[in-house]
Amino acid sequence: MYDLVIVGGGPAGLTAGIYGVRFGLETLVLERSEISGQIALTDVVENYPGFPSITGFELMEKYKEHALAVGVETKITDVLTVRSEGEKKLVSTDSGDLEAKAVIIATGANPKHLGVPGEEELIAKGVSYCATCDGPFFRNKTVVVVGGGDSALTDALILSKLVEKVYVVHRRDELKAVKVLRDRAFAAANIEFIWDSLVQEIVGTGTEIRKVEKVILENVKTGETRELLTNGVFIYIGIHPNTEIVDVEKDPKGFIKTGRWMESSEKGIYAIGDCRDTPIWQLVTAVSDGAVAATAANEYIQGLEK
Ligand code: NAP
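Residues numbered from 1 in each chain as written. Predicted model: local features only at pLDDT ≥ 70, side-chain atom pairs only at ≥ 80, totals over all residues. Heavy atoms only, no water.

So, the pattern of salt bridges
In step 1: A full pass over the atoms with the stated rule returns 16 salt bridges.
In step 2: Residue glutamate 305 pairs with lysine 101 through a salt bridge whose shortest N-O separation is 2.8 Å. One end of the pair, glutamate 305, is in helix α6 (residues 283–305); the other, lysine 101, is in strand β8 (residues 96–105), with 204 residues separating them in the sequence.
In step 3: The partner of arginine 276 in a salt bridge is aspartate 289, with the nearest N and O atoms 2.8 Å apart. Pair noted here: arginine 276 is in the loop between β19 (269–271) and α6 and aspartate 289 is in helix α6, with a separation of 13 residues, a long-range link. Of the two residues, arginine 276 and aspartate 289, both sit in the buried class.
In step 4: Because the salt bridges share partners, they merge into one network encompassing Arg83, Glu85, Lys88 and Glu99. (Salt bridge = Lys/Arg side-chain N within 4 Å of Asp/Glu carboxyl O. Helix = DSSP H or I, 4+ residues; strand = E, 2+ residues; numbered from the N terminus. Buried < 20%, exposed > 50% of the residue type's maximum accessible area, 1.4 Å probe, protein only.)

Concerning the sheet that holds strand β12 (residues 165–169)
In step 1: Taken in spatial order, the 5 strands make up an open sheet running β10-β17-β11-β12-β13, and their pairing is parallel. Of all strands in the sheet, those bounded by a partner on one side alone are β10 (127–128) and β13 (191–194).
In step 2: Where β10 meets strand β17 (residues 232–235), 2 bridges bridge the pair, whose relative direction is parallel. The residue bridging serine 128 from the neighbouring strand is phenylalanine 234, located in β17. (Pairing = 2+ DSSP bridges.)

Quick word on the state of the cysteines
In step 1: For the structure shown, the criterion picks out 1 disulfide.
In step 2: The disulfide partner of cysteine 130 is cysteine 133, and the S-S distance across this bridge is 2.1 Å. Residues cysteine 130 and cysteine 133 share a disulfide whose torsion about the S-S bond is about 75 degrees; that sign makes it right-handed.
In step 3: Judged by its relative accessible area of 10%, cysteine 130 falls in the buried class.
In step 4: The class for cysteine 133 is partly exposed, based on a relative accessible area of 35%. (Disulfide = S-S within 2.5 Å.)

Some thoughts on the domain arrangement of the protein
In step 1: According to the domain assignment, the protein consists of domain 1 (2–110 + 239–305) and domain 2 (113–235).
In step 2: On a C-alpha basis, the centroid separation for the pair domain 1 and domain 2 is 32 Å.
In step 3: Contacts between the two partners involve 5 residues from domain 1, matched on the other side by 6 residues from domain 2.
In step 4: The largest share of the area that domain 1 buries against domain 2 comes from Leu41, Asp43 and Glu46, three residues that together contribute 84% of it.
In step 5: Put simply, domain 1 and domain 2 have 1 salt bridge between them. (Domains from an automatic or database assignment. Contact = heavy atoms within 4.5 Å. Buried area = accessible area lost by both parts, 1.4 Å probe.)

Dropping the structure here:
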């Protein structure tokens, strides 16, 4: 039986792993791929202290190296469920079951989908949720970015360096993104904002391989619809937490409710990073959550042993 099993090997999970090992706990991090975490798909990180500018992938590699160097054990597997059986925690995976004294859920969140006609059929044929991954396919073309938050503007700026024209379609006439990103986006010559508008449909063309051709937009103030020709649609309308594997108290959007020690409603199960109801979804808070949860888990395990 492990002392501590951490589900998810992004920044939050690996930090919890590093702290777990330093407490002398038998610690295992379960992850889906060698380099996990949404941050690995981020082009440049500029708000992580000590690293004025670093690619998300490079930073993730450093976390991984650090975790392995201090003795964190990692395993690539898909976790199906996490549940308590008395004081024992059972972690069921696609490669067998594991037991632990405490579990930290660090499963992160994935981009939400718009849910409009054309979206699902045209994924990877012009519809994307990641400019760093798919931006290079749209060199010198036109793309639409949907959303008005930090993710939409971060990726609109990445795309603006690759493509000819970026339209940012936002449902209000004010952006949610932070000032530094707003200023940069307003200053980019090839980014144009389309305010008060919703994407009603993504339309594809072509017989053998259908590809994005245009979007149908609706102005929410006037009710008018219009067509906008585009080669790609990048969607950033928020994130959906990966918390289905565990049955603990969650908020209406599915983020796990936690206390100040990252404890969930189930004793010995903690949640950290983007999958919990954090006040802000940031790298620095994710790693901080990891340290807090590992400390709490250590106290809990010591208590069990007494
Ligand atoms: P977000 O902050 O929740 O923003 C989502 C945006 O999409 C909002 O502008 C929202 O409009 C719009 N939206 C939501 N549902 C929509 C729908 N059905 N149709 C059209 N538009 C819709 O999500 P995010 O930008 O993905 O960011 C998630 C978290 O990660 C945030 O906490 C963010 O700060 C963080 N993040 C940080 C950085 C960074 O620090 N550089 C980069 C990326 C993400 P309204 O404005 O009208 O609500």
